[in-house]
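Summary of the model geometry
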Amino acid sequence: MMSVAALRWICCRRLSTAGPPGVKKVLQWKNLRKFAKVTGAVVLGGCLFITYEVVALDKAVTIDTSAVIQEKYKSYIYLKATPSDENENLTAGITNKARKELHKAARWFVEISSRLFFQSLDEHFCHVDADPHEVALWVLLKKTQSANKAVRLLAVQELADNHHWHDYQYQTAAQVIDHRTTVGLARSACVDLRFFRHPPALPDLEEGLSAEDGLRQLLASLPLSEVDKCVQYFTSLAIRESTQSLAAQRGGLWCFGGNGLPYAQSLSTVPSEKVESFCLQALVQHSKVQSHCDHIVASGGLQLLQRVYQLRKDSPKIQRNIVRIIGNLTLNEGVHQAIAQSGWVSVLAEMMQSPHVMHASHAARALANLDRETVKEKYADGIYILHPQTRDDQPIKADVLFIHGILGAAFKTWRQKDRSLLEEEKESESKDDYTDCWPKSWLAADCPNLRVLSVEYDSHLSDWMSKCPAENQRMSLAYRSQELLKKLKLAGVGERPVVWVAHSMGGLLVKKMLLDASQDPDMHGLLKNTKGIMFYSVPHYGTFMAEYSVNVRYLLFPSIEVRELCKDSPALRDLNENFLNMAKEKQIKVLSFAEMLPTTIGPMIKIIVVPKQSADLGIGELIEVDVDHLNICKPEKKDSFLYRHSLKFIQEALQSYIHH
C-alpha cells in the first residue's frame, strides 16, 4: 500500500543519513525539497488509504446488515427448540447476542441514512446494496397497508404471484398480515398456503362432553324467532335426537320408536355423525338470520364448528354444511374479524384449492363475502360463484345464471354426461378431461369475462317438508320467486346483461321471476338487462307426469303443487301467456331444447318426461336432442352438438358486450 511504502522509505532515508554521535548535519536546500516531496507523498497516500478503507467498510457493513436482517427474520417468530450439545448452545447464544447487537447498530445506521436522504425506511431498503429478494417481502407487506387501494391490491397480487419466498418469509408474513390482506391472498389463484396461520388451538372441552354435545347445546340456546315453523320443528327434532344419542352413549335411554334415533339398529353403535348432520342442517337455517349469527359467534360457535370440521375430515358433506354456515355468517360484516381470528380464512383458502367443484364453490362464496376490498356484491345461501372464484384483472361484462330443476342441484345438474363403463374403457386416456361442472370448466374458459352463477334451492329444507306437519308456503313458485329475487338483487344480478340457463322446472321459476321483476320498480334493471333465456326440457304447458301416479309425481316434483304441474293447468297457462307477451315486447332471445328419448324411472317405467309440444315455448328456436330428460343439460363432450349450440347462443345474445 502507498502509505506503508512511504513510511518505509522515510525510515531508510533516516538510517542512510545518520552520522557519528556529536556530528551536526547541515540541512541543505536540496534535502529540504526531498523532504517536502516525501511528506506530500505520505499525506496523499494516507488520504487514499483512508478513502479506500471507508468505502470498503461501508460495503462490508451493508452486506453484514442484510445478512443480520435475514438471520433476524429467520428466527423472528418461529423459534423451534431442537436438542443440541452444550457447546452448540453456548455458541448459538453468543452468536445470537452478537447478531442482536449488530442488528441494533445496523438498524440505527440505516435509519440515520434514511433521515439524511429524506426517504422512508422501505424506500431506503430498495436502494441498499443487498439481495432484493430479502427486502422485497417487507416492501410489499408495507404496501398492503397503503392508503391507496390500487397500491394495496397490486401488493397483494405480487405477494401471491411470487412463489420463491423462503419458508421463514412465508411464516413471518403469516404473522404480520392483517385480515384484509389475508382474505385477498386467499382469493388469489394458486396462492401458497404457507401465507396462512394454522387455526389457533381450540380450548379443551368440559369433561364428559363431546363436539356433538356442543352442537346440541348451541342449537338449544338459539331463539326460535324469525324462522318459519318447519325450521322450528326440525330444530326441536335435531335437539331431541341428539339428546337421545347422548343418553344411549352413556348407557341410559334407548329408544327405537317415534322420531328418536330411527338409525340406531344395534347396541354397539350410535350414529353421532347423523346427529351432527341434523344439528348442522338446523344451524344452516338459523345462520340466515342476522341476530342468530351474532348469537352463534358470541356462544363460541366459530370454535365449535372448527372442532367439528377437523374431526369430520372424512365427511365431505358435514364439512360443506359447516362452510355453508360460515358463508351465511359472512353476510354479516360485523363478524368478519371474529371469523378471521378463529382461523377460518386458512381453512377456506385450502378448500378453495380443492379439485372438487362443490368444495371450492362453497369456499369461494364465503371468501367473496369476506372480501370487501374488491367485491361489492354479497352471495346469500344458495347463490354460488362458478367463475371467477378468485380475484381477476379480467373485467366482468355480463352474467350467466344457471337454474336447476327441483330435484337437481347447483353442481350435479350441470355435470358432463355420465360415461358408461364401456365408454370409460375406450376413453381411458381422456378420463382426466371429465368435468363435474361444465359451466365452470368449459364456459368460463370460452368466455372468461362472464360471471357464471349457479342457483340452488334449499334441498335440505325441501326434504324436511315431507316430515314437517306445519303447512308451508315454500311449495309454490310464487314464494320461491320472491325469495330468489331478493338473493339475486343482493348478488348484483341485473346490473349487467344477463343470460338465463334453466333445466326442467327451473325454467318455470325463471319465467315467474321475470314476471315478478316487471311488477317491482326495484327489479326493472333485471328485466331490462335480460338478453336471452335457454330452456332445457322445460314443461311450459305442463307434463303428463303429474297425472301418472302419486308415487312418480312425488319422485319428480316433491316441492311444487300438483295442480301447477298438470297438463294445460290454468296456472301454467297464465304464466306462459304473460311471459310470452313480455318476452316479445322486450325482444328477449329464446332457445329451447327438447328431449327425444324416454327417461328410466325405476326398474319398469320409461317415459318422456317433457314432450316436445310442452318444451316448445312458442317463440325462438326449438332443437330436438336424442337424450333423455336427465341428460338434456349434460353435454357429452366440449365439442358435442349440445354444448356448441349452447355456447353459440350465449355468445350471440351477449355479442355486443363480450369479446370471444
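Residues numbered from 1 in each chain as written. Predicted model: local features only at pLDDT ≥ 70, side-chain atom pairs only at ≥ 80, totals over all residues. Heavy atoms only, no water.

1. Section: the overall build of the protein chain
Put simply, the test is: Strands here are runs of E lasting at least two residues and helices are runs of H or I lasting at least four, both read from the DSSP assignment and numbered beginning at the N terminus. The cut-offs for exposure are 20% and 50% of the maximum accessible area for each residue type, with area from a 1.4 Å probe on protein chains only; residues under the lower value are buried, those over the upper are exposed, and the others partly exposed. Note on contacts: a residue pair qualifies if any of its non-hydrogen atoms lie within 4.5 Å across the two residues. Areas reported as accessible are Shrake-Rupley estimates using a 1.4 Å probe. Residue values count occlusion only from the protein chains shown.
Helix and strand content of the protein chain: 28 helices and nine strands. Here the protein chain holds 660 residues, and the buried ones make up 47% of them. Sequence-distant contacts, at least 24 apart, represent 75% of the contacts inside the protein chain between residues at least 6 apart. With an accessible surface of roughly 34100 Å², the protein chain has 55% of that area assigned to carbon and sulfur atoms.

2. Some words on helix α16 (residues 344-352)
Because each turn of an α-helix spans 3.6 residues, side chains separated by three or four positions end up pointing in the same direction. With eight of its nine residues buried, α16 lies for the most part within the structure. Within the sequence span of α16, burial applies to W344, V345, S346, V347, L348, A349, M351 and M352.

3. A few points about the packing of helix α6 (residues 149-161) against helix α8 (residues 179-186)
Stated formally: Angles shown run from 0 to 180 degrees and are taken between the N-to-C directions of axes, each axis being a line fitted to C-alpha atoms and, for helices, limited to the stretch in contact. In this scheme, roughly parallel covers angles under 35 degrees and roughly antiparallel covers those over 145, while 65 to 115 is roughly perpendicular and the rest are oblique. By the definition used in this description, the sense in which the near helix is turned from the far one sets the handedness, with an anticlockwise turn below a right angle giving left-handed and a clockwise turn giving right-handed. All residues other than Ala, Val, Leu, Ile, Met, Phe, Trp, Tyr, Cys, Pro, Asp, Glu, Lys and Arg, Gly among them, are scored as polar; the first ten of these are nonpolar and the last four charged.
Closest axis-to-axis distance for the α6/α8 pair is 9 Å, and the angle between their directions is 55°. The angle between α6 and α8 places the two elements in the oblique class. Judged by the sense of rotation from one axis to the other, the crossing of α6 with α8 is right-handed. In this structure, α6 uses R152, V156, L159 and A160 to contact α8, whose residues at the interface are R180, T181, G184 and L185. When the residues that make up the contact of α6 with α8 are grouped by side-chain class, the tally is four nonpolar, two polar and two charged.

4. Brief notes about the pattern of salt bridges
Under the convention used in this document: One side-chain nitrogen of Lys or Arg within 4 Å of one carboxyl oxygen of Asp or Glu is enough to make a salt bridge.
Counted by the stated rule, this structure contains 18 salt bridges. Here K638 and D446 are joined by a salt bridge, their closest N and O atoms 3.5 Å apart. Note that K638 is positioned in the loop between β9 (621-625) and α28 (641-653) and D446 in helix α19 (residues 438-446), a separation of 192 residues in sequence. Residue class for D446 comes out partly exposed when judged on its relative accessible area of 24%. Where K512 meets D516, a salt bridge forms, and the shortest distance between an N and an O atom there is 3.5 Å. Residue K512 and its partner D516 are located together in helix α22 (residues 505-518), separated by four residues, close to a single helical turn. A relative accessible area of 23% places K512 in the partly exposed class. Linked through salt bridges whose partners overlap, the residues forming this network are E377, D399, R451 and R496.

5. Some remarks on the environment of E226
On the secondary structure map, E226 appears in the loop between α9 (211-221) and α10 (229-249). Setting aside residues up to four positions removed in sequence, E226 forms contacts with V289 and S291.

6. A short note on the pairing of strand β3 (residues 450-455)
Where we set the bar: Strands qualify as paired when DSSP identifies two bridges or more between them.
Burial within β3 is extensive, with six of its six residues counted as buried. Judged from the four bridges that link them, strand β1 (residues 383-387) and β3 form a sheet pairing that is antiparallel. From the neighbouring strand, Y384 faces β3, where its bridge partner is S454. Relative to β3, strand β2 (residues 398-403) runs parallel, the two sharing six bridges. In the strand pairing of β3, A398 is matched with L450.

7. A few points about the side chain of T330
By the element assignment, T330 lies in the loop between α14 (316-329) and α15 (336-341). Residue T330 is classed as buried on the basis of its relative accessible area of 1%. If we skip the residues at most four places from it in the chain, T330 touches H336, I339, A366, N369 and L370.

8. A closer look at the nonpolar core
Which entries qualify depends on this criterion: Among the buried residues, those of types Ala, Val, Leu, Ile, Met, Phe, Trp, Tyr and Cys that are joined through side-chain atoms within 4.5 Å form a nonpolar core.
Within the largest apolar cluster, 60 residues are counted, with the highest numbers of intra-cluster contacts made by L185, F195, L283, L329 and W344. Those residues in contact with W344 that sit more than four places away from it in its chain are L302, L305, Q306, Y309, I322, I326 and I339.

9. A word on the environment of Q389
As a reminder, the rule being used: Within 3.5 Å is the distance limit for a polar contact, defined as a pair of N or O atoms, with the added protein rule that one can donate a hydrogen and the other accept it, and that residues adjacent in sequence qualify only through two side-chain atoms.
With respect to the secondary-structure elements, Q389 resides in the loop between β1 and β2. Using a relative accessible area of 9% as the deciding quantity, one classes Q389 as buried. Along the primary structure Q389 and M352 are separated by 37 residues, whereas in three dimensions their C-alpha atoms are 8.4 Å apart. Among all residues touching Q389, those that are not within four sequence positions of it are R187, M352, A360, S361, A364 and K440. A distance of 3.0 Å separates the side chain of Q389 from the side chain of S361, its partner in a polar contact.

10. Considerations on the confidence of the model for the protein chain
Keep this limit in mind: How sure the predictor is of each residue is captured by pLDDT, a score from 0 to 100.
Averaged over the protein chain, the pLDDT score is 78; the fraction of residues at 70 or greater is 67%. Taken element by element, the protein chain is modelled with least confidence in helix α20 (residues 459-465), mean pLDDT 40, and with most confidence in β2, mean pLDDT 98. Across residues 1-10, where pLDDT falls below 50, the model places ten contacts with residues more than four positions away in sequence or in other chains. Across residues 12-27, confidence stays below pLDDT 50; counting only partners more than four residues off in sequence or on other chains, it has five contacts.

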